[in-house]
Amino acid sequence: MLFDKLPDRVTVYEVGPRDGLQNEARKVPTADKIALVDALSDTGLPCIEISSFVSPKWIPQLADAKEVASSIARRPGVRYSALVPNRRGLDDAVSVGMGEVAVFLSASETHNKRNVNKGIAETLEAFDKVVGPATSRGMRVRAYVSTVFGCPFEGEVSAESAVHLAKTLRAMGVYQVSLGDTIGVANPQQVERVLARVLTEVPAETVAVHFHDTQGTALANCMVALTLGITTIDAAVGGLGGCPYAPGAAGNLATEDAVSMLHSMGVDTGVDLEKLVDCSRLASSLIGRDLPSKYLKAHLGKQARERRQKERAEGAGGG
Ligand code: HMG
Ligand code: MG
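The structure presented is a predicted model; accordingly, all values stated were derived computationally and were not measured.

Colleague: Just give me the short version of the coordination of the magnesium ion (ligand 2), but keep the residues and values in it.
Modeller: On the protein side, the magnesium ion (ligand 2) has D19 (OD), H210 (NE2) and H212 (NE2) as donor atoms, found 2.1 to 2.3 Å from it. When the donor residues of the magnesium ion (ligand 2) are listed from N- to C-terminus, their spacing reads D-x190-H-x1-H. Taken together, the residues D19 in helix α1 (residues 16-20) and H212 in the loop between β7 (207-211) and α10 (218-227) connect sequence positions 193 residues apart.

Colleague: Please provide a residue-by-residue account of the nonpolar core, values included.
Modeller: Counting residues in each nonpolar core, the largest one holds 101 residues, and the members touching the most others are I50, F53, M98, V145, L169, V198 and I233. If near-sequence neighbours (up to four positions away) are discounted, F53 is found in contact with A65, K66, A69, A82, L83, V84, P85, G89, D92, A93, V96 and M98.

Colleague: Residue-level account of α10, with values.
Modeller: Burial runs high along α10: 8 of the 10 residues are buried. Buried within α10 are the following residues: A218, N221, C222, M223, V224, A225, L226 and T227. If you follow the buried residues of α10, they end up packed against β6 (176-181), α9 (188-198), β7, β8 (232-235) and α11 (255-264). Backbone geometry just after α10 places G229 at a positive phi near 105°.

Quick notes on the rules
Residues numbered from 1 in each chain as written. Chains lettered and ligands numbered in written order. Predicted model: local features only at pLDDT ≥ 70, side-chain atom pairs only at ≥ 80, totals over all residues. Heavy atoms only, no water. Donors = N, O, S within 2.8 Å, 3.2 Å for Na, K, Ca; no water. Helix = DSSP H or I, 4+ residues; strand = E, 2+ residues; numbered from the N terminus. Core = buried A, V, L, I, M, F, W, Y, C linked by side-chain atoms within 4.5 Å. Buried < 20%, exposed > 50% of the residue type's maximum accessible area, 1.4 Å probe, protein only. Contact = heavy atoms within 4.5 Å.

Listed below in structure tokens is the structure:
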């Protein structure tokens, strides 16, 4: 049976406070970001990406990364991470006690230039000043490869680009490469094809997947990755997310959608779904709009129905 190959446990890598809030028109106050990270820390999530140490001119929404990193209540057993594009970002991350950072680049040249103002080769060169120095300090370094399954500027992207970058990044010393469907155009068949190729060159335990849910395929794509031996999936609470330098990029796979599906199949995540839903409601109130998570909508709908039933029953009893 196809799904006999599912892992017993999946690591859910929460990227909402970073990937989510970087794309919001409304700037979320620092104290609210801290409250969101602290609430997420209490759900059992093992990894939380809290912000980015990038240029505030490029991502003004996350200009308070240092304050956030300095003020969150770090919970033992939870790994906190942040994006860094260069040595300046790494130095800032070190100054506020980050134990894990993530470098990022794209599988397509044009998106890479739009996102970090450099070509792919030059970006890899700049990583030399980040990955080695970080790992020699005992930090863990993750890497993202964006636009693996499609680029907003170039369209289709060759799987060979992801293969080459995954191998190069692993050789540099990153512990995991997260393959990103930045604009949410991947389908399960393509995911199988690309991952099968990548996994001939790097082991599955060093690969994660990062699906945006623009066209509703993120969960299906995750299922394919899990059956191929991948055990880390990125997700954002409530389905927050998007890349400001990728037109059309919508939110990430919603964390609670993934966790609820995995739990219903007997796959453990260590995450308390009720607490996660509370985080989603908090995120929604902080950004002032409804979030796309399906599980959240179903959960809120069920609660409203139960409330109405109770009110009717009380009304009938009292009348
Ligand atoms: P640049 O303009 O080429 O760099 O930007 P620069 O070295 O000329 O510096 C420009 C200014 O930024 C200078 O300040 C620097 O000091 C400052 P000025 O002298 O003009 O006042 N600066 C910094 N400030 C704070 N922290 C730093 C830093 N570095 C330089 N680390 C740069 C190059 C890489 C800095 C810029 O392009 C940048 O910050 N880009 C970030 C883009 C970004 O964060 N995009 C979203 C994340 S990627 C994503 O969402 C995809 C992902 O989710 C996966 C997926 O979905 O596929 C990960
Ligand atoms: Mg993303």
